[in-house]
Amino acid sequence: MKTAHSAEITATNWIGARLDRLPATGTVWTRVMLLSLGGFFEFYDLFFTGYIGPGLVRSGILTPATQGLFGTTGIASFVAAMFSGLFLGTLLFGFVADRFGRRTIFTVSLLWYTVATVIMAFQNHVFGLNFWRFVAGIGVGVELVTIDTYLSELVPKELRGRAFAYNQTVQFAAVPVVAFLAWVLVPKSPLGLDGWRWVVLAGAAGAVLVWWIRLRVPESPRWLAQQGRMAEAEEIVADLERRAARESGAELPAPTQPEPESKRGTFAEIWKPPYGRRTVMMSVFHLFQTVGFYGFSNWVPAMLIRQGIAVTASLEYTFIIAIAAPLGPLAAAALADKIERKWQIVFAAAGVAAFGLMFGQMKAALGLILSGVLLTVSNNVLSFSCHAYQAELYPTRIRALAVGFVYSWSRLSVVFSAFVIAFFLDRFGVPGVFALIAGSMAMVMLAIGILGPKTNNLSLETISK
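The text that follows walks through the structure, step by step, so that each part is easy to find. Only a predicted model underlies this, so the values are computations on that prediction, with no experimental measurement involved.

**Re the overall build of the protein**
Right, so step 1: Counting secondary structure elements, the protein contains 21 helices and zero strands.
Right, so step 2: What you see for the protein is a C-alpha radius of gyration of 22 Å, in line with the 23 Å of a compact globule of 465 residues.
Right, so step 3: With respect to the three principal axes, the spread of C-alpha positions in the protein is 70 × 45 × 45 Å.
Right, so step 4: Counting over 465 residues, the protein shows a buried share of 60%.
Right, so step 5: Here the protein displays about 17,000 Å² of accessible surface, and carbon together with sulfur accounts for 69% of that area.
Right, so step 6: Side-chain charges of the protein comprise 37 positive and 27 negative groups, with the mean position of each set lying 4 Å from the other.

**Considerations on helix H10 (residues 195–202)**
Right, so step 1: For H10, the set of buried residues is Gly195, Trp196, Arg197, Val199 and Val200.
Right, so step 2: Of the surrounding secondary structure, the elements contacted by the buried residues of H10 are helix H2 (26–51), helix H3 (53–58), helix H6 (102–120), helix H7 (126–154) and helix H9 (174–185).

**Describing the environment of alanine 17**
Right, so step 1: Along the chain, alanine 17 turns up in helix H1 (residues 4–20).
Right, so step 2: Considered as a pair, alanine 17 and alanine 254 are 237 residues apart in the sequence and their alpha carbons are 9.2 Å apart.

**Things to note about the nonpolar core**
Right, so step 1: Core analysis: the largest hydrophobic core is formed by 110 residues, its most contacted members being Phe83, Trp196 and Phe359.
Right, so step 2: A per-element tally of this core places helix H20 (residues 399–451) first, with 21 residues.
Right, so step 3: Not counting chain neighbours up to four residues away, the residues in contact with phenylalanine 359 comprise Phe296, Val300, Leu304, Gln307, Ile321, Leu368, Ser371, Gly372, Val430 and Phe434.
Right, so step 4: Formed by 18 residues, the second largest nonpolar core is a distinct cluster that contains Phe106, Val155, Leu159 and Ala391.

**Digging into the pattern of salt bridges**
Right, so step 1: Under the defined criterion, the tally for this structure stands at 19 salt bridges.
Right, so step 2: In this structure, the salt-bridge partner of arginine 18 is glutamate 241, at a minimum N-O distance of 2.8 Å. A residue pair is termed long-range when its members are at least 10 positions apart, and arginine 18 in helix H1 and glutamate 241 in helix H13 (residues 230–248) qualify at 223 residues.
Right, so step 3: You can call arginine 18 buried: its relative accessible area is 9%.
Right, so step 4: A relative accessible area of 13% means that glutamate 241 is categorised as buried.
Right, so step 5: By sharing partners, the salt bridges in this structure join Arg160, Arg162, Asp337, Arg341 and Glu392 into a single network.

**Concerning the packing of H2 against H9**
Right, so step 1: One can describe the packing of H2 onto H9 by two numbers: an axis separation of 8 Å at closest approach and a directional angle of 45 degrees. With respect to H9, the axis of H2 lies oblique. For the element pair H2 and H9, the recorded crossing hand is right-handed. The residues of H9 that touch H2, namely those facing Phe40, Phe43, Tyr44, Phe47, Phe48 and Tyr51, are Ala174, Val175, Val177, Val178, Ala179, Leu181 and Ala182.
Right, so step 2: Here the residues of the contact of H2 with H9 sort into 13 nonpolar, no polar and no charged.

**Overview of the side chain of glutamate 269**
Right, so step 1: Inspection of the secondary structure puts glutamate 269 in the loop between H13 and helix H14 (275–297).
Right, so step 2: Judged by relative accessible area, which is 4%, glutamate 269 ranks as buried.
Right, so step 3: Engagement of the side chain of glutamate 269 in a polar contact is seen with the side chain of arginine 397, the distance being 2.5 Å.

**Side note on the environment of arginine 133**
Right, so step 1: Mapped onto the secondary structure, arginine 133 falls in helix H7.
Right, so step 2: Expressed as a C-alpha distance, the spacing of arginine 133 and glutamate 251, which sit 118 residues apart in the sequence, is 51 Å.
Right, so step 3: Beyond its immediate stretch of four places on either side in the chain, arginine 133 contacts Asp45, Leu46, Phe48, Thr49, Phe78, Ala81, Met82 and Met120.
Right, so step 4: One polar contact links arginine 133 to threonine 49, side chain to side chain, over a distance of 2.8 Å.

What counts as what
Residues numbered from 1 in each chain as written. Predicted model: local features only at pLDDT ≥ 70, side-chain atom pairs only at ≥ 80, totals over all residues. Heavy atoms only, no water. Helix = DSSP H or I, 4+ residues; strand = E, 2+ residues; numbered from the N terminus. Rg over C-alpha atoms; globule rule 2.2 N^0.38 Å. Buried < 20%, exposed > 50% of the residue type's maximum accessible area, 1.4 Å probe, protein only. Areas by Shrake-Rupley, 256 points an atom, 1.4 Å probe, with all protein chains shown as cover. Lys, Arg positive; Asp, Glu negative; His and termini not counted. Charge placed at Lys NZ, Arg CZ, Asp CG, Glu CD. Contact = heavy atoms within 4.5 Å. Core = buried A, V, L, I, M, F, W, Y, C linked by side-chain atoms within 4.5 Å. Salt bridge = Lys/Arg side-chain N within 4 Å of Asp/Glu carboxyl O. Axes fitted to C-alpha atoms, helices over the stretch in contact; angles between N-to-C directions. Parallel < 35°, antiparallel > 145°, perpendicular 65-115°, else oblique. Left-handed = near helix turned anticlockwise from the far one by under 90°. Nonpolar A, V, L, I, M, F, W, Y, C, P; charged D, E, K, R; others polar. Polar contact = N/O pair within 3.5 Å; in protein donor to acceptor, adjacent residues only side chain to side chain.

Okay, structure coming up:
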């Protein structure tokens, strides 16, 4: 006889099986877009770090160069403060979405980092600036984990690749927006307020939309079922099924028979087969991938200035490069579920290494912009592929916990790599920074290429076995 506990877990998989056979309808894509809109403001907050750097120097809050390897007055300390918060948010609080639900934590974390960012916008000293950047980072870290988990559980298995591609397209659209605002505002002081402060405050608009998004996106039915809240899960799934049948004009196929599970998840489980190998693989991946991703996005204005470009021109070039940010995921959307995600990551990492080395050798504006665009596209294909991939590697019971743990290493990596990149930029120039990035991408390619399982078009339950 099945226990109540095993019946509950089996019901969770039955809910998943019903979700996985839904067609690509307007209802599904609307919910993907709403979650992505919440992520837009998260990415805005995450990426303005490098773009407002020249403004913070202009205001006299930060110094142009980092004094010593771990100096606290340069741009590196501002980057490190944000990612220290991200590290704590993903490592220590990644579990909260498993405990309190995807929808609740999506809302709370967005409001958390919005309030902290507004307070930061009015700081005049480096300690207050870095402290509130750290606090905001905790909220952004929790939000990053929650959106990935939420999205993977709401979307049918055959649409996950495209869903994450469109999700990242919307989120990365924040990058050209913040780059444009920085280009226009950072060199100025509208109404007597430093331009960088206006750039920061513009992102607070996310708080206005959060309740509107919350009302239109349901809780994850998989999570509800695992919590024993079957009536709520059944109501949400039944509504999705009715909408899907009406919008597609066809009867839905019968769901496949789900595999039963036998227990709730714990932190120890992420180290047991088959998850232990995946946890090690994704931890190594995250330690190194951020050296390339944030080593460019957080430092591109500073690197252009180092290449001899004036501050205003560097912000203009940065904006032109940033326009490419959403193009990588958008262009790859058609292939997202056709090429194995592990190989998408490997090929994108190779592109980051190659185009980064090219960028380091350029002096002319056209060469800098072209190589910067190609590097940005490669970085963002890498980003959407890994966000989809890591959410697929673990079952519902430990998904947010496991993703939060492995993701936290990327945040810790940026804390230290920010100072290392500042050191390399000072000692070895832009080519030295990209030599460091190329080596890091080689480690990414080895980790995923050798250890990564295949995931495309498989149910979350099948991948998790």
